[in-house]
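Examining the three-dimensional arrangement
Residue strings, one per chain:
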Amino acid sequence: MLLSRDFVSYISVELVKRMIAAEIIETKAADQVTQRIRLRMQEELGIEDRLSEEVRQILLEHQDEMRRTGASYQEMYKKVKAQLARDRKLILR
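Read on for an overview of the structure. (Residues numbered from 1 in each chain as written. Predicted model: local features only at pLDDT ≥ 70, side-chain atom pairs only at ≥ 80, totals over all residues. Heavy atoms only, no water.)

Here we look at helix α4 (residues 73–87)
The condition is simple: Strands here mean DSSP runs of E at least two residues long; helices mean DSSP runs of H or I at least four residues long; both are numbered from the N terminus. By this rule the span expected of a helix is its residue count minus one, scaled by 1.5 Å. Throughout, exposure labels follow a simple rule: accessible area from a 1.4 Å probe, protein chains only, divided by the maximum for the residue type, with under 20% read as buried, over 50% as exposed, and the rest as partly exposed. Each C-beta atom gives one direction from the helix axis, and the arc is the one those directions make. Residues count as neighbours in contact if any of their non-hydrogen atoms are within 4.5 Å of one another.
Between its first and last C-alpha atoms α4 spans 21 Å; for 15 residues at 1.5 Å apiece the expected length is 21 Å, and the two agree. Residues of α4 that are buried: Tyr77, Val80, Lys81, Leu84 and Ala85. The buried residues of α4 occupy an angular sector of 130° when the element is viewed end-on, so they sit on one face. Summarising the geometry of α4, the exposed residues directed more than 90 degrees from the buried face are Lys78, Arg86 and Asp87. The secondary structure elements touched by the buried residues of α4 are α2 (30–61). Trailing α4 by a residue or two, Lys89 shows a phi angle of about 55°, which is positive.

Structure representation (structure tokens):
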């Protein structure tokens, strides 16, 4: 995750404050709205982390084959990650 949890919390608080001030939303439970936004943002940011971990696991399972063929870990990492992202219709940063 490129953003720290503290920064995500800050962004969610500011987002709710600004939406209320701009009268985009109306709520009596701003803390609950903030918490839901924060959790959703963290979930979205965690998608790429989970994808990267899955790619590492796949490459670990195929490390012997990669060694035999002389495939570059970095090159295969990029290709596998891009393919999984395409298959899952993910947009990565």
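A few points about the side chain of Lys81
Within the fold, Lys81 resides in helix α4. Relative accessible area serves as the criterion here: at 12%, Lys81 is assigned to the buried category. Not counting the four nearest positions on each side in its chain, Lys81 is found in contact with Glu48, Leu51, Ser52, Val55 and Leu92.

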